[in-house]
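Structure assessment
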Amino acid sequence: MEICKGVSSFAGVAIGKILYYHRGEYRVRQSMADSAKKEIEKFSAAREAVKSRLLFLYEHSPALSQERSYALERQMKLLEEGSFSRAVESLVMTEKVTAAYAVMTTRDGLTSSFRNLKDEVAREQLENVKQISNRLILELGGTRAQIDLGEEPVILISEELTPTELLEMDKEKLLAVVTHQGSIISHTSIMIRSMAMPALLDIEIREEWNGCQAVVDGYTGTLYVEPAPEILREYEMRRQADLKEKKELLKLRDRKDVTADGKEIGIFANINSLDDLSSVLFYGAAGIGLLRSEFQYLGRESYPRENELFRDYRRVADTMGEKPVVIRTVDLGADRQADYMDIPGEANPIMGNRGIRLCLDRKRMFRTQLCAIYRASAYGNLSIMYPMITSESELDEIEALTEEVKAGLREKKVPFREIRRGIMVETPAAALISDRLAKRVDFLSLGTNDLSQYTLAMDRQNPYLKSKYDDHHPAILKMIQMVVENGHRENCQVYICGELAADTELTETFLRMGVDALSVVPACVLPVRKAVLEAFAGRKVSDGKQTF
């Protein structure tokens with residue numbers, strides 16, 4: 001029996017067989033480069049990023065085997081030596097192709113030339129070339145094949161996972177997810193939590209575990225590989241206890257969200273795809289506070305057409321009836337990218353051209369989505385929300401586009417409703433001018449994941465900052481309070497839809513601030529409802545302000 005300690009991303013117990021997921025070789029369509037010089041600069045930046053990632057693995061993996069340690073050393077050396085890089089750069093310069101395509105072509109050429117070698121050292125070196133090539137292509141923007149999890153539900157283990165990879169998996173086949181890399185507040189972890197399954201990070205993954213029996217303890221962050229019979233018996237009892245506790249929580253599905261001292265608050269659900277709709281209804285959420293529309297753009301070869309988008313939104317509207325649904329316009333960029341969009345590489349994408357900035361650069365894409373949302377509004381209680389707003393000038397552009405869309409629908413006699421509009425407050429800039437922004441919209445929704453990292457000036461996915469990152473920092477709570485007060489002064493409702501909304505340690509704090517609604521992953525609706533029912537909002541009637 002092997003026992004590995006990591007970090008829990010979502011609580012719970014899972015028992016089953018392990019499936020080791022290793023990314024296959026990335027394939028990239030041939031694409032001509034606009035500028036060979038820029039492609040070489042992108043390749044150089046990707047090489048440095050991969051070197052840093054490998055160095056971190058080498059220095060911060062205490063259980064690293066001698067074989068794995070040697071492989072990482074060789075891979076770092078390959079990236080530092082000139083022959084591989086010169087081959088890639090030469091191909092970019094002579095053929096005028098993208099860096100990603102040049103890396104793939106160099107990898108495939110070496111594999112074809114040396115695949116029949118019998119020398120073990122040479123074969124190991126070839127495998128190292130393939131691995132660093134795949135990492136480089138991923139860094140530059142690669143594509144991957146559909147992921148097959150097999151017939152039976154599994155505990156998936158992998159070095160790391162991206163949101164796109166998760167979207168390509170059949171979540172009904174996943175019992176739990178265990179990765180080496182990642183952050184508990186990364187987009188991947190958020191998606192896993194929406195699936196309501198145990199998840200662990202910081203586990204040193206071993207390929208030889210593939211097919212082994214395992215137990216995932218999402219409460220203590222522990223993985224047991226080939227557990228002893230008594231461990232299996234103990235965790236089967238814990239799993240049954242979990243099921244019993246969930247049954248008790250299910251009794252709260254039809255309860256109103258009212259605190260012990262009578263304050264009403266809405267508890268809504270965040271969803272990542274249409275697959276989550278049944279969970280929203282099952283857990284009794286008051287509606288959908290955040291529909292992340294990225295699922296319509298990721299894992300495909302071209303932009304979705306208006307009718308595709310409309311059909312999805314109408315399905316949501318039909319399913320939810322008169323329950324409110326907030327659709328966030330697509331938030332691409334950073335770690336959520338679609339290859340066909342050809343988003344240029346950036347040195348710091350989390351601070352780059354993402355969210356509403358990208359939409360306003362690509363107005364045809366944005367207009368198509370706006371049109372689909374307004375068409376679907378005739379079939380339910382839809383609202384629209386814009387991500388990464390930092391200025392009123394962005395709202396000016398959005399309003400102009402929206403008026404164009406509505407005028408076009410009127411001309412074609414297509415029915416639609418005048419729907420509620422809101423913005424994500426996820427930057428200090430938006431928080432600081434929330435008094436002005438609140439005058440122009442119907443609601444503000446605090447995206448605490450990005451708001452926290454931008455306020456703290458810490459990348460939430462940086463493993464070096466894991467012990468320093470504090471999303472309970474007084475500055476963040478003070479900023480939330482300020483946004484609530486500014487919004488209410490303008491008769492604008494204020495919600496929280498980030499991960500902090502599900503933190504029951506803060507539920508009463510948010511209620512005392514005066515937050516109007518909390519939006520969480522479906523599996524967290526009932527635990528948060530329980531916390532609300534037991535909480536005291538403690539509002540000060542005398543001066544109309546809330547305290548915390």
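Residues numbered from 1 in each chain as written. Predicted model: local features only at pLDDT ≥ 70, side-chain atom pairs only at ≥ 80, totals over all residues. Heavy atoms only, no water.

1. Comments concerning the confidence of the model for the protein
- Averaged over all residues, the pLDDT of the protein equals 87, while 91% of them reach at least 70.
- Taken as a whole, residues 540-548 scores under 50 in pLDDT and shows 16 contacts with residues more than four places along the chain or in a different chain. (pLDDT = per-residue confidence, 0-100. Contact = heavy atoms within 4.5 Å.)

2. Observations regarding the side chain of Arg 375
- Relative to the helices and strands, Arg 375 is located in helix H12 (residues 363-376).
- Setting aside residues up to four positions removed in sequence, Arg 375 forms contacts with Glu 306, Asn 307, Phe 310, Leu 409, Val 414 and Pro 415. (Helix = DSSP H or I, 4+ residues; strand = E, 2+ residues; numbered from the N terminus.)

3. Things to note about the pattern of salt bridges
- Tallied over the entire structure, the rule returns 30 salt bridges.
- Between Arg 238 and Asp 217 there is a salt bridge, with its nearest N and O atoms 3.3 Å apart. Highlighted residues: Arg 238 in helix H8 (residues 229-250) and Asp 217 in strand S7 (residues 213-217), separated in sequence by 21 residues.
- For Arg 512, the salt bridge identified is with Glu 508, shortest N-O distance 3.8 Å. Linking Arg 512 with Glu 508, this pair stays in helix H18 (residues 507-513), spanning four residues, or about one helical turn.
- Residue classification places Arg 512 among the partly exposed residues on the basis of a relative accessible area of 25%.
- Each of the salt bridges in this network shares a partner with another, and the network as a whole consists of Glu 392, Asp 396, Glu 399, Arg 421, Arg 436 and Arg 440. (Salt bridge = Lys/Arg side-chain N within 4 Å of Asp/Glu carboxyl O. Buried < 20%, exposed > 50% of the residue type's maximum accessible area, 1.4 Å probe, protein only.)

4. A short note on the sheet that holds strand S11 (residues 325-328)
- Spatial strand order, S9-S10-S11-S12-S13-S14-S15-S16: eight strands in a closed barrel with parallel pairing. In this sheet, neighbouring strand axes are inclined to one another by 25° on average, regardless of whether the strands run parallel or antiparallel.
- Helix H19 (residues 525-534) contacts strand S9 (266-271) and strand S16 (517-520) of the sheet and is inclined by roughly 160° relative to S9. (Pairing = 2+ DSSP bridges. Axes fitted to C-alpha atoms, helices over the stretch in contact; angles between N-to-C directions.)

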